[in-house]
Amino acid sequence: MTDIFNYSRRSTHEVNVGVTPMGGDNPIRIQSMTNTVTRDTDACVEQSKRIIAAGGEYVRLTTQGTAEAENLQNINAALRAQGINTPLVADVHFNPKVADVAAHYAEKVRINPGNYVDAARTFKHLEYTDEEYAQELQKIADRFIPFLNICKENHTAIRIGVNHGSLSDRIMSRYGDTPEGMVESCMEFLRICVKENFKDVVISIKASNTVVMVRTVRLLAQVMEQEGMDFPLHLGVTEAGDGEDGRIKSAVGIGALLADGLGDTIRVSLSEAPEAEIPVARALRDYILQRQGHPWIPAAEADNFDFVHPTRRETVAVANIGGDQVPVVISSQMGSEHELNEQFRPDYLYCGSELPEKRIPGMKYIVDVSAWKGEADTYPAFSSYTENSMLHMMHFCPSPVKFLFATYITLNDEVLACLKYHPEIVVIGQSNHPNRTGEFRAMIHEMTRAGLKNPVVIFQHYAESEKDELQLKAAADMGALMMDGLVDGIYLHNQNSAIASDVIDATAFGILQAARLRTSKTEYISCPGCGRTLYDLEDTIKRIKAATSHLKGLKIGIMGCIVNGPGEMADADYGYVGAARGKVSLYKKKVCIEKNIPSEEAVERLIDFINKDLQS
């Protein structure tokens, strides 16, 4: 059972993957996937070497046919001839015969339960009696067991890789589009592995929606524990996108799970060169692992908290904070003018001990109570770790909204009583603990156990000089808290002036959007590309972004092929999917609106369709 307050890695058994085992006491492994054509030996070898040089410990290659699977032998041999023993992983969809071949030449083979035996997803509802459903499961076993025997003979590991975007119609019809359906899709195969005493298995359950991904992996870990299984986990947010959005989204989802000790290997899926994924994954892993051996956090869960099926903590609405409202963003303006980007305009500015001489029209300000004089759109901030007279002042302060800086340690009986008496107080939670996620959880659970419904804004402080580092750490620190439903606002503060305030504001909004809590810009669901990709993915993404980035709240899917295409874009408004060499199909929701458009025309056709559709 997960201790949500104190970090420790989930216990798993070791899985043999060539010379680089995972799980057990092994490090959390880092991996990526080539986007070269797997029949091109030289291109695959050179790109694999770049991934490995960057720190990749496994290299995955797409094997859409037997020709690609057979060529793994040449790729593997070429790398070994150069003294490189990094394990290769074959990625198989739709054709179990390809998996049989790949198992002879790769150290690990990934299969997708959604299309291994079941037909490709068509979004049709199918009716099964229990007997008919059992017959379908027997079909899986009849086809899967011979593959396991090949893997046993060749000492080949497997990954059972469930993708939200490619669940079978059979699973969807019985379980719906739910975490329970995704987990059952995996467990059907895992139970066969257990029955056949095949232990070299790794599991992944991925989605482009971080909320779905985190909740499903949490549920999978719980179900495996209930059934006595301890298989290692592969973590990733699929179709995360590119640039800072892809990094933030990946850090929110993967970081949330790593923070709870889940995960034995990770892949950050960016729509960029594969080797660019490795430093991001390594930085994320290393940052979370700094929590190992931290001082113990004594805490207890609130009675109504469900780690696997969390709901938003019930709070009272204080002005625009808490209740059913989207989380707010607080930013700093202490001693300097705030650079403001209207697209990412914070809800409040905290300015410390004095208001700025020049205030931003319409902006709400938070100022220390010692300097608060009741001006319009200004609110006092108190501190729970100063003298008790500070709390006494709250009782007589006429402001309809008050803020209280507090930590878990300062949350004593007097502070709890004050909060209960004053529901108009918004708590700004602070932590200097090495496991700040655990301490923030402890604080909010303690408030909930005391019957308090005051909103809580999470204050995260850093001293980073590089934007990428700030974004990655802040997203990872916020991930689990947002997934738990504990966040009514976010306040990011960076002590290093090398990062401009508007960048910090944009990061806060980006983190909230990555967790599906607040929308401030267009969202792009784009795959990282692989040997199946049938057009210039990176250039296409840039062109679509340039034409649509102003469409706040719109979700656009940009997918290299049909493996996850229509499925992973199920909640996207529009989609762009590779259909064949040089051909693209366009979607509105799940419906294909134009098929097999020449790729050189497809971006303009998509943009024209979106513009016309929005005008109608």
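Anyway, here's the lowdown on the structure attached to this text. (Residues numbered from 1 in each chain as written. Predicted model: local features only at pLDDT ≥ 70, side-chain atom pairs only at ≥ 80, totals over all residues. Heavy atoms only, no water.)

1. Things to note about the nonpolar core
- Counting residues in each nonpolar core, the largest one holds 145 residues, and the members touching the most others are Phe144, Phe147, Ile158, Leu190 and Ile511.
- Those residues within four positions of Phe147 in sequence are excluded, and the remaining contacts are Ala99, Asp100, Ala103, Val109, Ile111, Tyr116 and Ile158.
- In terms of nonpolar packing, the next biggest core, distinct from the first, is built from 23 residues, Ile556, Met559, Val603 and Leu606 among them. (Core = buried A, V, L, I, M, F, W, Y, C linked by side-chain atoms within 4.5 Å. Buried < 20%, exposed > 50% of the residue type's maximum accessible area, 1.4 Å probe, protein only. Contact = heavy atoms within 4.5 Å.)

2. Describing the packing of aromatic side chains
- Applying the stated criterion across every chain, the model contains 13 aromatic pairs.
- Taking the centre distance of 5.0 Å and the plane angle of 70° together, the rings of Phe144 and Phe189 count as edge-to-face. One end of the pair, Phe144, is in helix α4 (residues 130-154); the other, Phe189, is in helix α6 (residues 179-195), and 45 residues separate them in sequence.
- Arranged with centres 6.3 Å apart and planes meeting at 65°, the rings of Tyr350 and Tyr491 form a pair that is edge-to-face. (Phe/Tyr/Trp six-rings, centres within 6.5 Å; stacked < 30°, edge-to-face > 60°. Helix = DSSP H or I, 4+ residues; strand = E, 2+ residues; numbered from the N terminus.)

3. With respect to the packing of helix α8 (residues 243-259) against helix α14 (residues 501-514)
- Where α8 contacts α14, the two axes come as close as 9 Å, and the packing angle between them is 55°. Between α8 and α14, the crossing angle belongs to the class labelled oblique. Two packed elements cross with a definite hand, and for α8 against α14 that hand is right-handed. Two secondary-structure elements touch here, α8 through Ile248, Lys249 and Val252 and α14 through Gly510, Ile511 and Ala514.
- Here the contact of α8 with α14 is built from residues that sort into 4 nonpolar, 1 polar and 1 charged. (Axes fitted to C-alpha atoms, helices over the stretch in contact; angles between N-to-C directions. Parallel < 35°, antiparallel > 145°, perpendicular 65-115°, else oblique. Left-handed = near helix turned anticlockwise from the far one by under 90°. Nonpolar A, V, L, I, M, F, W, Y, C, P; charged D, E, K, R; others polar.)

4. Some details on the sheet that holds strand β17 (residues 523-526)
- Reading across the sheet, the 5 strands line up as β17-β18-β19-β20-β21 and stay open at both edges, with mixed pairing between neighbours. Each having just a single partner strand, β17 and β21 (591-598) make up the two edges of the open sheet. Shown here is a sheet whose adjacent strand axes are inclined to one another by a mean of 20°, direction ignored. (Pairing = 2+ DSSP bridges.)

5. Here we look at the pattern of salt bridges
- Applying the stated criterion across every chain, the model contains 43 salt bridges.
- Here Arg291 makes a salt bridge to Asp477, at a shortest N to O gap of 2.8 Å. Linking Arg291 in the loop between α9 (277-289) and β9 (328-332) with Asp477 in helix α13 (residues 467-483), this pair joins segments that are 186 residues apart in sequence. Per residue, the accessibility class of Arg291 equals that of Asp477, and both read buried.
- Through salt bridges with shared partners, one network takes in Arg29, Glu57, Arg285 and Asp286. (Salt bridge = Lys/Arg side-chain N within 4 Å of Asp/Glu carboxyl O.)

6. Quick notes on the sheet that holds strand β16 (residues 489-494)
- With parallel pairing, 8 strands are arranged side by side around a closed barrel as β9-β10-β11-β12-β13-β14-β15-β16. In this sheet, neighbouring strand axes are inclined to one another by 25° on average, regardless of whether the strands run parallel or antiparallel.
- Of the strand pairs in this sheet, strand β15 (residues 456-462) and β16 are connected by 6 bridges, and their pairing is parallel. Bridge pairing links His461 to His493 in β16.
- Contacting β13 (402-406), β14 (425-429) and β15, helix α12 (residues 436-449) crosses the sheet at an angle of about 160° to β15.

7. Thoughts on the environment of Gln135
- Considering the arrangement of structural elements, one finds Gln135 in helix α4.
- Classification of Gln135 as partly exposed rests on a relative accessible area of 44%.
- The spatial distance from the C-alpha of Gln135 to the C-alpha of Leu554 is 42 Å, given a sequence separation of 419 residues.

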